[in-house]
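Take a look at the letters that make up each chain.
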Amino acid sequence: MKNDNAVRAPIVGYSRHRLATDGQGVTTLVIFHGCPLRCRWCINPYTFDPNTKYTQTTPEELYDKLKVDDIYFRATGGGVTFGGGEPLLYADFLQSFRALCGDSWHLCVETSLSVPWKNVAVAAECIDTFYIDCKDTNENIYRAYTGKDNSLMLENLEKLAKKIPVERIVVRLPLIPEFNTDADRQKSKKLLSQMGITCFDAFEYKIKTKK
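So, a few notes on the structure that sits alongside this text. (Residues numbered from 1 in each chain as written. Predicted model: local features only at pLDDT ≥ 70, side-chain atom pairs only at ≥ 80, totals over all residues. Heavy atoms only, no water.)

As for the overall build of the protein
Here is step 1 of the chain: Of regular secondary structure, the protein possesses 7 helices and 8 strands.
Here is step 2 of the chain: Computed over its C-alpha atoms, the radius of gyration of the protein comes to 17 Å, within 12% of the 17 Å expected for a compact globule of 211 residues.
Here is step 3 of the chain: Along the first, second and third principal axes, the C-alpha set of the protein runs to 55 × 40 × 30 Å.
Here is step 4 of the chain: Across the 211 residues in the protein, those meeting the buried criterion constitute 48%.
Here is step 5 of the chain: Across the protein, every contact between residues at least 6 apart in sequence was considered, and the portion connecting residues at least 24 apart equals 68%.
Here is step 6 of the chain: With the model as given, the accessible surface of the protein reaches about 11000 Å², and the carbon-plus-sulfur share is 50%.
Here is step 7 of the chain: The distance from the centre of the 28 positive side-chain charges to the centre of the 26 negative ones in the protein is 4 Å. (Helix = DSSP H or I, 4+ residues; strand = E, 2+ residues; numbered from the N terminus. Rg over C-alpha atoms; globule rule 2.2 N^0.38 Å. Buried < 20%, exposed > 50% of the residue type's maximum accessible area, 1.4 Å probe, protein only. Contact = heavy atoms within 4.5 Å. Areas by Shrake-Rupley, 256 points an atom, 1.4 Å probe, with all protein chains shown as cover. Lys, Arg positive; Asp, Glu negative; His and termini not counted. Charge placed at Lys NZ, Arg CZ, Asp CG, Glu CD.)

Regarding helix α7 (residues 182–194)
Here is step 1 of the chain: With 13 residues, α7 should reach 18 Å at 1.5 Å per residue; the first-to-last C-alpha distance of 19 Å fits that figure.
Here is step 2 of the chain: Of all the residues in α7, the buried ones are Asp-184, Arg-185, Ser-188 and Leu-192. In an axial view of α7, the angular spread of the buried residues amounts to 100 degrees, which keeps them on one side of the axis. Across α7 from its buried face, at more than 90 degrees, point the exposed residues Lys-187, Lys-190 and Gln-194.
Here is step 3 of the chain: Packed against the buried residues of α7 are α5 (139–146), α6 (151–163), β7 (169–175) and β8 (200–204). (Expected span 1.5 Å × (residues − 1). Arc of directions from axis to C-beta.)

Some remarks on the packing of helix α4 (residues 117–124) against α6
Here is step 1 of the chain: One can describe the packing of α4 onto α6 by two numbers: an axis separation of 11 Å at closest approach and a directional angle of 30 degrees. Accordingly, the angle class assigned to the pair α4 and α6 is roughly parallel. The chirality of how α4 crosses α6 is right-handed. Residues Trp-117, Val-120, Ala-121 and Ala-124 of α4 pack against Asn-156, Lys-159, Leu-160 and Lys-163 of α6. (Axes fitted to C-alpha atoms, helices over the stretch in contact; angles between N-to-C directions. Parallel < 35°, antiparallel > 145°, perpendicular 65-115°, else oblique. Left-handed = near helix turned anticlockwise from the far one by under 90°.)

Brief notes about helix α3 (residues 91–101)
For the α-helix, the turn length of 3.6 residues means that residues three or four positions removed from each other point alike.
Here is step 1 of the chain: Three or more residues of α3 are buried, namely Ala-91, Phe-93, Leu-94, Phe-97, Arg-98 and Cys-101. An end-on view of α3 places all buried positions within 150 degrees of arc, on one side of the element.
Here is step 2 of the chain: Just past α3, the residue Gly-102 takes up positive phi, approximately 75 degrees.

What about the pattern of salt bridges?
Between side chains of opposite charge, a pair can form when the charged atoms approach closely.
Here is step 1 of the chain: Counted under the stated rule, the structure contains 13 salt bridges.
Here is step 2 of the chain: Put simply, Asp-64 and Lys-67 hold a salt bridge, and the shortest N to O gap is 3.5 Å.
Here is step 3 of the chain: With a closest N to O distance of 3.4 Å, Asp-149 and Arg-143 form a salt bridge.
Here is step 4 of the chain: When its relative accessible area of 26% is taken as the criterion, Asp-149 is described as partly exposed.
Here is step 5 of the chain: A relative accessible area of 41% places Arg-143 in the partly exposed class.
Here is step 6 of the chain: Via salt bridges that share partners, Glu-110, Arg-172 and Asp-201 belong to a single interconnected network. (Salt bridge = Lys/Arg side-chain N within 4 Å of Asp/Glu carboxyl O.)

Such coordinate-based values are descriptive only and should not be taken to indicate function.
Rendered as structure tokens:
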């Protein structure tokens, strides 16, 4: 019998057997629909496209699909990475999923932290590693690229760094052509280091330009 009160989240799909990406060991990436940002060069624009097909899924249904890789997760220290879109929009779903898989799976999220703090606080109790897509700490650069203000992201990040061990937080600092420079990125790193952040992932966006 269907439980109409069950926790559900819109899931576009998932990708199995990922190595050396989206977390340690063998991982499965789960892609959620929905995002509060509108980044200019988003690599997953379908996650906020209203025409994208997704399935309203319960944690139990997702666990039943992913447990086939239990042996790989346990053997490699891997597990599940929740991405999107913005997975922290569905923090209660993540919490319920953790209760099902237990502590043997390493759970990660890829998040912009542009959600209410209560969502982040719930995730902090059940997620092992947070990959924070910072973009840039400069308000003008952030707004130009995402269409939103970055104060919520920074406030949530500062709170998160005080709530959990900073080793569980990896902040991504991209070099975004036409939007920021390496000097901007160094300023961001300095500010975030003052918050106590120690793990950074610096890389450059590769933008395909039309000929």
